[in-house]
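# Survey of secondary and tertiary structure
What follows is the residue order along each chain.
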Amino acid sequence: MPDILHKVGIRSSSPDDVYDALTTIEGLSGWWTNDTRGESKVAGVIQFRFGAGGFDMKVLELRPAKRVLWQVVDGPEEWLGTKVSFDIQQNDDWTIVLFKQAGWKEPVEFMHHCSTKWAVFLLSLKSLLETGKGAPWPNEIKLDSWE
């Protein structure tokens, strides 16, 4: 099965700050979508909405300053069952985030779109932590007519 993979380095940020941006409703709302709600705890479900659509993620694993793992439990058919992980590591004065959305059944055109959108939102995460201002939905870069 194909996976979406990205790496982003965040300068002058601690692994704890990155972890907070990935695990609090306020943090997630600051870089992914401003319509985020739910319970960011193991076995909790977080709802991410993008206008009429969105995703529900069940929180599978939370390791402070190290790893966040979710499983998609509601959303587009292509996303159902996929797992989204953020692995965090320190490298000198950079905090590195290794992102993966694993378990796509096939590399359909929607996967190409989602891969680029993940990159857009990971750069929003970087901006949030480096400058204090992210670009969450609906203010992110738009890619095509799907949006």
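Per chain, residues are indexed from 1 in the order of the written sequence. Predicted model: local features are reported for residues with pLDDT of at least 70 only, side-chain atom pairs are reported and counted for 80 or more only, and whole-chain, interface and lining totals are derived from all residues. To obtain the side-chain values, all non-hydrogen atoms of the structure were included, while hydrogens and water were left out.

## Comments concerning the packing of aromatic side chains
Applied cut-off: Within 6.5 Å between ring centres, the rings of Phe, Tyr and Trp (the latter by its six-membered ring) count as paired, and their orientation is classed by plane angle as stacked under 30 degrees, edge-to-face over 60, tilted in between. Secondary structure is summarised from DSSP: a helix means a run of H or I of at least four residues, a strand means a run of E of at least two, and numbering begins at the N terminus for each.
One pass over the structure, following the stated rule, counts 19 aromatic pairs. Aromatic pair F86 and F99: ring centres 5.4 Å apart, planes at 65°, arrangement edge-to-face. Placement of the pair is F86 in strand 6 (residues 83-91) and F99 in strand 7 (residues 94-102), with a sequence separation of 13 residues. Ring centres 4.4 Å apart and planes at 45° place the aromatic pair F99 and W118 in the tilted group.

## Let's talk about the nonpolar core
What counts is decided by this rule: Within this scheme, the nonpolar core is defined by two criteria: the residues are buried Ala, Val, Leu, Ile, Met, Phe, Trp, Tyr or Cys, and they are joined through side-chain atoms within 4.5 Å. Accessible area is worked out with a 1.4 Å probe on protein chains only. A residue is then buried under 20% of its type maximum, exposed over 50%, and partly exposed in between. Contacts: residue pairs with any heavy atoms within 4.5 Å of one another.
W31, W32, M57, W70, W79, F86 and W118 are the most contacted members of the largest nonpolar core, which has 34 residues in total. The leading source of residues in this core is helix 3 (residues 109-131), at 8 residues. Leaving out residues up to four positions away in the same chain, W31 has contacts with A21, L22, F86, W118, F121, S124, L125, L128, A135 and P136.

## What to know about unusual backbone geometry
The residue after W137, namely P138, is reached through a cis peptide bond having omega 10°. Unusually for a residue other than glycine, A43 sits at a positive phi of about 80°. By the secondary structure assignment, A43 is in the loop between strand 2 (35-38) and strand 3 (45-50). Among the residues examined, A43 registers a relative accessible area of 52% and is labelled exposed. The backbone of A65 shows a phi angle near 60°, a positive value even though the residue is not glycine. Within the secondary structure, A65 is located in the loop between strand 4 (53-63) and strand 5 (67-74).

## Some remarks on the sheet that holds strand 4
Formally: Paired strands, in this sense, are two strands between which DSSP finds at least two bridges. Geometry is summarised by axes, namely lines fitted to C-alpha atoms with helices restricted to the contacting stretch, and by angles between N-to-C directions that run from 0 to 180 degrees.
Reading across the sheet, the 7 strands line up as 1-7-6-5-4-3-2 and stay open at both edges, with antiparallel pairing between neighbours. If you trace the sheet from one side to the other, it starts and ends with strand 1 (4-11) and strand 2, each paired once. Averaged over all neighbouring strand pairs, the angle between strand axes comes to 20°, with direction disregarded. Along the sheet, helix 1 (residues 15-23) contacts strand 1, strand 4, strand 5, strand 6 and strand 7; its crossing angle with strand 6, the most-contacted strand, is approximately 165°. Strands strand 1, strand 3, strand 6 and strand 7 of the sheet are contacted by helix 3, whose axis makes an angle of about 15° with strand 1.

## Observations concerning the side chain of R67
Here is the rule: For this analysis, a polar contact is any N or O atom pair within 3.5 Å, provided that within protein one partner can donate a hydrogen and the other can accept it, and provided that sequence-adjacent residues contribute only side-chain to side-chain pairs.
Its place among the elements puts R67 in strand 5. Judged by its relative accessible area of 17%, R67 falls in the buried class. For R67, the side chain forms a polar contact with the side chain of E61, separated by 3.2 Å. Not counting residues up to four positions away in its chain, the partners in contact with R67 are Y19, E61, L62, S85, F86 and D87.

## Concerning the pairing of strand 2
Of the pairings in the sheet, the one linking strand 2 to strand 3 comprises 4 bridges and is antiparallel in character. Of the residues in strand 3, the one forming a bridge with G38 is I46. Connecting strand 2 to the antiparallel partner strand 3 that follows it, the hairpin turn spans 6 residues, and A43 within it adopts a positive phi of roughly 80°.

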